[in-house]
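Observations on chain architecture
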Amino acid sequence: MSIRVMVVDDHPMWREGVARDLTEAGLDVVATSGEGRQAVRVAAAARPDLVVLDLQLPDVSGVEVVRGLRAALPEVRVLMLSASGEPQSVLDAVKAGATGYLVKSAAPAEFLDAVRRTAAGEPVFTPGLAGLVLGEYRRLAAAPPAPHDDAPRLTDRETEVLRLVAKGMSYKQIAERLRLSHRTVQNHVQNTLGKLQLHNRVELTRYAIERGLDE
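Described in the following lines is the structure provided in the data block. (Residues numbered from 1 in each chain as written. Predicted model: local features only at pLDDT ≥ 70, side-chain atom pairs only at ≥ 80, totals over all residues. Heavy atoms only, no water.)

Next up on the list: the sheet that holds strand 4 (residues 77-82). Taken in spatial order, the 5 strands line up as 2-1-3-4-5 in an open sheet, and their pairing is parallel. Strand pairing shows two members of the sheet lacking a second neighbour, strand 2 (28-33) and strand 5 (100-103), which therefore form its edges. Put simply, the sheet's adjacent strands are angled 20 degrees from each other on average, direction ignored. Bridge count for strand 1 (residues 4-8) against strand 3 (residues 50-53) is 4 bridges, and the pairing is parallel. If you follow valine 5 over to strand 3, its bridge partner there is leucine 50. The strands touched by helix 3 (residues 62-72) are strand 3 and strand 4; relative to strand 3, the strand with the most contacts, the crossing angle is about 170 degrees. (Pairing = 2+ DSSP bridges. Helix = DSSP H or I, 4+ residues; strand = E, 2+ residues; numbered from the N terminus. Axes fitted to C-alpha atoms, helices over the stretch in contact; angles between N-to-C directions. Contact = heavy atoms within 4.5 Å.)

Attention now moves to helix 7 (residues 156-166). Among the residues of helix 7, those classed as buried are Glu158, Val161, Leu162, Leu164, Val165 and Ala166. One or two positions beyond helix 7, positive phi appears at glycine 168, with a value near 85 degrees. (Buried < 20%, exposed > 50% of the residue type's maximum accessible area, 1.4 Å probe, protein only.)

As a further point, take the pattern of salt bridges. Within the structure shown, the criterion is met by 8 salt bridges. For lysine 104, the salt bridge is made with aspartate 54, and the minimal N-O distance between the two is 3.6 Å. Note that lysine 104 is positioned in the loop between strand 5 and helix 5 (108-119) and aspartate 54 in the loop between strand 3 and helix 3, a separation of 50 residues in sequence. Close ionic contact of glutamate 160 with arginine 157 constitutes a salt bridge, the shortest N to O distance being 2.9 Å. Here arginine 157 and glutamate 160 lie together in helix 7, a separation of 3 residues that amounts to about one turn. Overall, the relative accessible area of 34% leaves glutamate 160 in the partly exposed class. By relative accessible area, which is 32% here, arginine 157 ends up partly exposed. Salt bridges sharing common partners tie together Asp9, Asp54 and Lys104. (Salt bridge = Lys/Arg side-chain N within 4 Å of Asp/Glu carboxyl O.)

Tracing the backbone shows glutamate 122 in the loop between helix 5 and helix 6 (129-140). Relative accessible area serves as the criterion here: at 3%, glutamate 122 is assigned to the buried category. Residues in contact with glutamate 122, not counting those within four places in the same chain, are Thr99, Arg117, Ser170, Tyr171, His182 and Arg201.

A word on unusual backbone geometry. Where the residue is not glycine, phi is negative for most of them; where a peptide bond is considered, it is trans in most cases. In the Ramachandran plot, arginine 179 falls in the positive-phi region, its phi being about 55 degrees despite a non-glycine side chain. For arginine 179, the location among the structural elements is in the loop between helix 8 (171-178) and helix 9 (182-196). Positive phi outside glycine occurs at glutamine 197, with the angle close to 55 degrees. Checked against the element boundaries, glutamine 197 lands in the loop between helix 9 and helix 10 (201-210). Judged by its relative accessible area of 68%, glutamine 197 is exposed.

Once that is clear, we can look at the packing of helix 7 against helix 8. Contact geometry for helix 7 and helix 8: axes closest at 10 Å, N-to-C directions at 130 degrees. The angle between helix 7 and helix 8 falls in the class oblique. Crossing geometry of helix 7 relative to helix 8 is assigned as right-handed. Counting all contacts with helix 7, which are made through Arg157, Glu160, Val161, Leu164 and Val165, the residues of helix 8 involved are Ile174, Arg177 and Leu178. Residue classes in the contact of helix 7 with helix 8 are distributed as 5 nonpolar, no polar and 3 charged. (Parallel < 35°, antiparallel > 145°, perpendicular 65-115°, else oblique. Left-handed = near helix turned anticlockwise from the far one by under 90°. Nonpolar A, V, L, I, M, F, W, Y, C, P; charged D, E, K, R; others polar.)

The next thing to look at is the nonpolar core. Note on soluble globular proteins: their nonpolar side chains tend to be buried together. Counting 28 residues, the largest nonpolar core has Leu53, Leu69 and Met80 as the members making the most contacts within it. Listed by contribution, the elements that provide at least two residues to this core are strand 1, helix 2 (36-46), strand 3, helix 3, strand 4 and helix 4 (87-96). Residue contacts for leucine 69: discarding those within four places in its chain leaves Ala39, Val40, Ala43, Val51, Leu53, Pro74, Val76 and Val78. Among the nonpolar cores identified, the runner-up in size contains 20 residues, and Met169, Ala175, Val185 and Ala208 belong to it. (Core = buried A, V, L, I, M, F, W, Y, C linked by side-chain atoms within 4.5 Å.)

Here strand 5 shows no split at all, with Gly100 and Leu102 on one side and Tyr101 and Val103 on the other all buried. Bridge count between strand 4 and strand 5: 4 bridges; the pairing is parallel. Paired with leucine 79 across the bridge in strand 5 is glycine 100.

Below, the structure is given as structure tokens:
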């Protein structure tokens, strides 16, 4: 199945160029937009699997757009594509619900790889930013978690995969470590998300860190 993508950027040449690159790579660009509020309305109708979103928009911030997108389409993945690599911008976007964050200086091949991985639910960050996000979740998880006596029971394999997710490993790295297929790792993650009633791997990472599974 082709990945349905929406591109949101206020610079027409950049927006059209990204859309063209995605189309040429075999992805299905279902919509584009240059404004944040419009993007949320269009996405609700176009129902993309993934939104490639600029951080700086003329009407509202990309962070606000992420919140709107996730409210309208809870399952949508959002890849921030921004000129800014400022730590606070990255953290704000991820906390709002973005799945990945890539700076615009990324090479075309890196961008296309990030799109496909993000669409699969894998957090993708410009090198150096993944550690920043994990560090922030560790800080937030410093307080003792509330008791979860009724927490769903995970299988030993699901727990093993969850520990590696908490360490910031990619699906490919987890598959190689456990000698499993990439698809099997994805299935374990999806099953765990369902059991824990979480929406994406970012939330799953925080859950794992709160319970000390990254040790």
